[in-house]
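# Analysis of the macromolecular model
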Amino acid sequence: MVDDALDRYGAVLTELVADPEALLRPDADLDARWRAVVIDGALSDEVTARAFDRLHHDRMVIMPGPHGRAYRHVAVDVGPADGSRTDHLSFTWCGYSPGVGVHVDTGEVLDDEVAHARGTGTLRLIEDTWRLETLDEFELDLLGPGADDPCRSG
């Protein structure tokens, strides 16, 4: 269930960072799909603000990497966030960020560094759907352009 929630997050996040303004377009359903994956609050606010800042100040969007995603997170360890509650889960995660930052006007590649991150997170069960509440990064390494996914299992 945690990997499913993280996979849904990676899919919608990939769309968001490639076209942040889709969140604002009434003809797009990105806002509804984002809210179905991430709980309104600090995580949602931080991620969307960073995407808009990148777009408007850096003139950059993040395009998917070679496997169709800009970001991939997988659970490493899962446990209850609070032993007395069944609607919260905590987890540690491994993240891979193969997305490529491109200039929105010229298409020039501005950032092709691949990142490997680790962190912790929490999920909360809302209306039969596990949604991300937090996703905190505590370690980040730059692996260089084209680096393989260190989180891939199997």
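Below you will find a few notes about this structure. Here the structure is a predicted model, which is why all the values come from computation and not from measurement.

## A look at the packing of helix α1 (residues 2-18) against helix α3 (residues 42-57)
- Contact geometry of α1 with α3 gives a least axis separation of 10 Å together with a crossing angle of 30°. In terms of orientation, α1 and α3 fall into the roughly parallel class. Across the interface between the two elements, Tyr9, Leu13, Leu16 and Val17 from α1 touch Leu43, Val47, Thr48, Ala51 and Arg54 from α3.
- Classifying every residue of the contact of α1 with α3 gives 7 nonpolar, 1 polar and 1 charged.

## What to know about the nonpolar core
- Core analysis: the biggest nonpolar cluster contains 30 residues, and Tyr9 and Trp34 have the highest contact counts within it.
- Put simply, the parts of the chain that give this core at least two residues each are α1, α2 (30-35), α3, β1 (60-63), β3 (88-97), β6 (115-126) and β7 (129-142).
- Here the element with the most residues in this core is α1; it accounts for 8 residues.
- The contact partners of Trp34, leaving out residues within four places of it in the chain, are Tyr9, Val12, Leu13, Leu16, Leu23, Ser44, Val47 and Thr48.
- Judged by nonpolar contacts, the second largest core, of 6 residues, contains Val74, Cys94, Val114 and Cys151.

## So, the packing of aromatic side chains
- Evaluated as defined, the whole model comprises 1 aromatic pair.
- Geometrically, the ring pair formed by Tyr9 and Trp34 is tilted, given 5.9 Å between the ring centres and 40° between the ring planes. Residue Tyr9 is found in helix α1, and its partner Trp34 is found in helix α2; the two are separated by 25 residues along the sequence.

## Digging into the state of the cysteines
- Counted according to the given criterion, the structure contains 1 disulfide.
- The disulfide that involves Cys94 links it to Cys151, with 1.8 Å between the sulfurs. Judged by the sign of its S-S torsion, about -75°, the bond between Cys94 and Cys151 is left-handed. Here the residue Cys94 occupies a position in strand β3, and Cys151 occupies one in the segment after β7, the gap between them amounting to 57 residues.
- Cys94 sits in the buried class, given a relative accessible area of 8%.

## Remarks on the layout of surface pockets
- For the largest pocket, the calculated volume is near 720 Å³.
- Lining of the largest pocket is provided by 34 residues; of these, Arg50, Arg54, Tyr71, Ser97 and Glu137 occupy positions nearest its centre.
- Elements that contribute at least two residues to the lining of the largest pocket include exactly α1, α3, β1, β2 (72-80), β3, β4 (100-103), β6 and β7.
- Residue composition of the lining of the largest pocket, by class: 19 nonpolar, 6 polar and 9 charged.

## What to know about the sheet that holds β4
- Read from one edge to the other, the open sheet built from 3 strands follows the order β1-β4-β5, with strand pairing classed as antiparallel. At either margin of the open sheet sits one strand with a lone partner, and together these are β1 and β5 (109-111). Taken over all neighbouring pairs, the strand axes of this sheet differ in orientation by 45° on average, direction set aside.
- For β1 and β4, the ladder comprises 4 bridges, and the chain directions are antiparallel. Within the sheet, the bridge partner assigned to Val61 lies in β4 and is Val102.

Thresholds applied
- Residues numbered from 1 in each chain as written.
- Predicted model: local features only at pLDDT ≥ 70, side-chain atom pairs only at ≥ 80, totals over all residues.
- Heavy atoms only, no water.
- Axes fitted to C-alpha atoms, helices over the stretch in contact; angles between N-to-C directions.
- Helix = DSSP H or I, 4+ residues; strand = E, 2+ residues; numbered from the N terminus.
- Parallel < 35°, antiparallel > 145°, perpendicular 65-115°, else oblique.
- Contact = heavy atoms within 4.5 Å.
- Nonpolar A, V, L, I, M, F, W, Y, C, P; charged D, E, K, R; others polar.
- Core = buried A, V, L, I, M, F, W, Y, C linked by side-chain atoms within 4.5 Å.
- Buried < 20%, exposed > 50% of the residue type's maximum accessible area, 1.4 Å probe, protein only.
- Phe/Tyr/Trp six-rings, centres within 6.5 Å; stacked < 30°, edge-to-face > 60°.
- Disulfide = S-S within 2.5 Å.
- 1 Å grid on protein atoms, 1.4 Å probe; cavity = no way out; pocket = protein on both sides within 12 Å on 5 of 7 lines; lining within 4 Å.
- Points joined across faces, edges and corners; volume = space filled by probe spheres on them.
- Pairing = 2+ DSSP bridges.

In short, the description is geometric, and any link to function would need to be established separately.
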